[in-house]
2 protein chains.
Amino acid sequence: MKKIIVTIPAGDRHREYLEKIGAGCEFFYTSPAAVTEDILRTADIIIGNVAPKLLTCAQGLQWLQLNSAGSDNYCAPGILRPGVLLTNATGAYGLAISEYMVGMSFLLQNRFYQYYGNQMARRWKDQGPVTSVWDSTALVVGLGDIGGEYAKRMKALGSYTIGVRRTAGEKPEYLDELYTTESLDQLLPRADFVALSLPNSPSTRHIMDERRLRLMKPGAYLINVGRGNAIHTEALLKVLEEGLLGGCGVDVTDPEPLPENHPLWAAPRMVITPHISGQYHLSETFERIVRIAGENLEKFLDGRTEEMRNLVDFETGYRRR
Amino acid sequence: MKKIIVTIPAGDRHREYLEKIGAGCEFFYTSPAAVTEDILRTADIIIGNVAPKLLTCAQGLQWLQLNSAGSDNYCAPGILRPGVLLTNATGAYGLAISEYMVGMSFLLQNRFYQYYGNQMARRWKDQGPVTSVWDSTALVVGLGDIGGEYAKRMKALGSYTIGVRRTAGEKPEYLDELYTTESLDQLLPRADFVALSLPNSPSTRHIMDERRLRLMKPGAYLINVGRGNAIHTEALLKVLEEGLLGGCGVDVTDPEPLPENHPLWAAPRMVITPHISGQYHLSETFERIVRIAGENLEKFLDGRTEEMRNLVDFETGYRRR
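Below, the structure is looked at part by part. (Residues numbered from 1 in each chain as written. Chains lettered and ligands numbered in written order. Predicted model: local features only at pLDDT ≥ 70, side-chain atom pairs only at ≥ 80, totals over all residues. Heavy atoms only, no water.)

A closer look at the overall build of chain A
For the record, the criterion: A run of DSSP states H or I qualifies as a helix once it reaches four residues; a run of E qualifies as a strand once it reaches two. Both are numbered from the N-terminal end. As a reference, a globule follows 2.2 Å times the number of residues to the power 0.38, and the radius of gyration itself is taken over C-alpha atoms. Throughout this description, buried means an accessible area under 20% of the type-specific maximum (1.4 Å probe, protein chains only), exposed means over 50%, and partly exposed covers the range between. Every residue pair with non-hydrogen atoms within 4.5 Å of one another is taken to be in contact. Accessible surface is estimated by sampling points in the Shrake-Rupley manner with a 1.4 Å probe; for residues, cover comes only from the protein chains shown. His is not counted here, nor are the chain ends, while Lys and Arg score as positive and Asp and Glu score as negative. One atom stands in for each charge, and that atom is NZ of Lys, CZ of Arg, CG of Asp or CD of Glu.
Across its full length, chain A carries ten helices and twelve strands. Against the compact-globule benchmark of 20 Å for 321 residues, chain A has a radius of gyration of 21 Å, which places it among compact chains. Each principal axis of the C-alpha distribution contributes one length, and for chain A these read about 65 × 45 × 35 Å. The burial tally for chain A puts 57% of its 321 residues in the buried class. Sequence separation of 24 or more characterises 58% of the internal contacts of chain A that already satisfy a separation of 6 or more. With an accessible surface of roughly 13,000 Å², chain A has 50% of that area assigned to carbon and sulfur atoms. Once the 35 positive and 38 negative side-chain charges of chain A are each reduced to a mean point, those two points are 2 Å apart.

Now the structure itself:
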């Protein structure tokens, strides 16, 4: 009898769904904060994130289903024993985070944040010209579920979409052009919107360094979800102070959380949200996580582990498919 | 030889375009602020808005092409002599204002304004759950160019779109349902987004009064472009204080401009911009105004006045087609 530790906040409906698939398994519901080493020692399966350092004691673990899309903290050597299956929740966050990104695109372009600043000062003041998403060019760097969903929406709104991914592949219909990361330098000067949705990895760290920030079209907008270190913070501050960008909106920062005295808070045309685009802030995100877990549980118990969704490759930190 | 007074800020390229169509006409370029009664007395045609009270002296005027979509100030008796043709710039603003409305929808739903308030206080603070445009229901009240373009975009983003217009007509593809204004009370409780883009007229004044505001779904978002008096301001303040709405975003207010000491500035979940969604803030808007003026000029000079675009019916204040 498999023992399944569930750390996501499953309601009655979600428990019923999972327990039907895992009929005969023993379910134990807890939370990332409450889970103990004693419980983890007994786990065959874990559904939901657990502090990585606790996992060393999960000696019987066969499969960990994360509720996060990012999995880099779990790929480090010594966290999971060889042979343990790791799946992430890619696909659950695309809706919430891509809508956040679309919203951020308009927030920057229409200067809504400047108007809200004026409103707080009770100031009826025109902030001047804007641009449109229609007829813009959006450069989407990172084409996982999130980047893809963002590109689809921008395309539907009349933007010309260019995608950049790590490895070559077939161009989906919602992209007008598709390239690999090697072409980034040539693409940056063309884009009105540059949107980063990248996992944390050595190759994505500081992908937007000072040189690349300066390759952006003057007045263009930069958006970052995923990991704060995709942008070199000091370089960003520099180009913002120079007025190079039309605006920059990020849900992730480096350092994170951003300390109260950090200059990025008040940098010109900078918009910061505190890593809230994902999580369970949209209820549909949680529904999708439970569905991914349920479908994977069925395949795992059937022994069809190769068919499981979002299996993470420990070497690259990306999912295998 | 017709004399054409142009009060819109036409650049060289625009002048060349208009003068080619109006070959043989005399063009006089000025601005709404600089135009004099002496000049207006000589006008056969005016392209661009002029203070309505000045128009009484334009005794030779045959056609006025407005650069605004609203034309109510020009329909009052005594402003234009009977027989003068009036065309507005409907169609020029749909892009800019519908993008503003989409942006406002996300601003309210994703609470970006609250996060920007937090940012100004250097506060890294989670503001809780959000909703999505996907799978929402958008009620679009007023289906001119602006409302229609907004509905199209919301539909493309996965919203279920319900349109409300003054008169019955064929349902366009981008609407899931279409009704006339009589059905508004039944529709308000169904909508997550209620978006008003209405001209100023007795029938649209206070269309959202306290009773109708209370018919809205708790937590729904209200957006107003067009005219501030479509919403009863005191009633809005009341329901905002009660926390009935998820948020309200307006580009127009009543009174307008909003006085510094007005309570609406600081009402909970209220977002105010200072009538900036239109104007020429998007350069494409001006391009479209010039194109409408040029196409109408061609038809006017050809004597095909019935074919002119955006001819205003003085009785309803709406364009005839």
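That was the structure; now back to the text.
Some points on the relation of the copies chain B and chain A
Put simply, the rule reads: The atoms used to superpose the copies are C-alpha atoms, taken from residues with pLDDT of at least 70 in both, and the fit is least squares.
For the pair chain B and chain A, the best superposition has an RMSD of 0.0 Å and corresponds to a rotation of 180° with a translation of 0.0 Å parallel to the axis. Both copies of the chain, as the preceding transformation shows, are related through a two-fold rotation axis.

Thoughts on the packing of aromatic side chains
In this description, a pair of aromatic rings is defined by centroid distance and the angle of the planes. Quick note on the threshold: Each pair of aromatic rings taken from Phe, Tyr and Trp, with Trp reduced to its six-membered ring, is defined by centres within 6.5 Å and is described as stacked if the planes are under 30 degrees apart, edge-to-face if over 60, and tilted in the remaining cases. In this analysis the charged atom, NZ for Lys or CZ for Arg, is taken to sit over a ring once it is within 6 Å of the ring centre and within 35 degrees of the ring normal.
For the coordinates displayed, the defined rule picks out 14 aromatic pairs over all chains. On the basis of an interplanar angle of 55° and a centroid distance of 5.2 Å, the ring pair of F112 of chain A and Y100 of chain B is categorised as tilted. Of this pair, F112 of chain A sits in helix α5 (residues 112–120) while Y100 of chain B sits in helix α4 (residues 94–109), on two different chains. By relative accessible area, Y100 of chain B is classed as buried at 0%. Seen from their ring centres, Y280 of chain A and F286 of chain A are 4.8 Å apart, and the 70° between their planes marks the pair as edge-to-face. The ring of Y29 of chain A carries the charged tip of R15 of chain A above its face, separated from the ring centre by 4.0 Å.

Structural notes on the interface of chain B and chain A
This is how it is decided: A 1.4 Å probe defines the accessible area here, and the buried area is the portion of it lost by two parts on being joined, summed over both. Whenever a carboxyl oxygen of Asp or Glu lies within 4 Å of a side-chain nitrogen of Lys or Arg, that contact is scored as a salt bridge. Two N or O atoms form a polar contact when they lie within 3.5 Å of each other; inside protein one atom must be a possible hydrogen donor and the other a possible acceptor, and for residues adjacent in sequence the pair counts only when both atoms belong to side chains. When residues are sorted by character, Ala, Val, Leu, Ile, Met, Phe, Trp, Tyr, Cys and Pro go into the nonpolar class, Asp, Glu, Lys and Arg into the charged class, and all the rest, Gly among them, into the polar class.
Contact with chain B, which involves 53 residues of that partner, is made by 53 residues of chain A. Summed over both partners, the interface of chain B with chain A buries about 4,600 Å², with 68% contributed by carbon and sulfur atoms. In terms of surface lost to chain A, no three residues of chain B exceed R122, W124 and W265 of chain B, which account for 19% of the buried area on that side. Applying the counting rule to chain B against chain A returns zero salt bridges. Where chain B packs against chain A, one counts 20 residue pairs in polar contact (both at pLDDT 80 or more). Secondary structure elements with two or more residues in the side of chain B that touches chain A: α4, α5 (112–120), α6 (145–156), β12 (270–272) and α10 (283–301) of chain B. Per element, the largest residue contribution to the side of chain B that touches chain A is nine residues, and it comes from α4 of chain B. For the side of chain B that touches chain A, the class distribution of residues is 28 nonpolar, 15 polar and ten charged.

Quick word on unusual backbone geometry
Residue and element names in this part refer to chain A. With an omega of -10°, the peptide bond between E256 and P257 qualifies as cis. Position of P257 relative to the elements: it lies in the loop between β11 (247–250) and β12 (270–272). Notably, H275 is not glycine yet its phi reads approximately 50°, a positive angle. Here H275 lies in the loop between β12 and α10 (283–301). Among the residues examined, H275 registers a relative accessible area of 29% and is labelled partly exposed.

Observations concerning the environment of D185 of chain B
All names here are of chain B. Its location among the elements puts D185 in helix α7 (residues 184–187). In sequence terms D185 and V271 are 86 residues apart; their C-alpha atoms lie 25 Å from each other. For D185, the side chain forms a polar contact with the side chain of R211, separated by 2.8 Å.

What about the pairing of strand β6 (residues 137–141) of chain B?
Residues and elements named next belong to chain B. The cut-off we apply is this: Pairing between strands is defined by DSSP: at least two bridges between the two strands are required. The definition of a right-handed crossover adopted here requires that, viewed with the strands pointing away, the path from the first strand over the helix to the second runs clockwise.
Where burial is concerned, most of β6 is hidden: five out of the five residues are buried. Bridge count for β6 against strand β7 (residues 160–165) is five bridges, and the pairing is parallel. By the bridge assignment for β7, L139 is matched with I162. With respect to chirality, the unit in which β6 leads through α6 into the neighbouring parallel β7 is right-handed. Relative to strand β9 (residues 193–197), β6 runs parallel, the two being bridged by four bridges. In the sheet register, L139 faces β9, and the bridge partner there is V194.

Topic: the side chain of Q65 of chain A
All names here are of chain A. Here Q65 shows up in strand β4 (residues 63–65). Look at Q65 and you get buried, because its relative accessible area is 1%. Only 3.1 Å separates the side chain of Q65 from the backbone oxygen of N88, close enough to count as a polar contact. Residues within four places of Q65 in sequence aside, it is in contact with I46, I47, G48, T87, N88, A89, I292, A293 and N296.

Considering the nonpolar core
Here is the rule we go by: In these notes, a set of buried Ala, Val, Leu, Ile, Met, Phe, Trp, Tyr and Cys residues joined through side-chain atoms within 4.5 Å is what counts as a nonpolar core.
Among the nonpolar cores identified, the biggest contains 105 residues, and M101 and Y150 of chain A together with M101 and Y150 of chain B are the most heavily contacted of them. Here Y150 of chain A is in contact with S98, M101, V102, S105, V140, F193, A195 and I223 of chain A, once residues within four sequence places are set aside.

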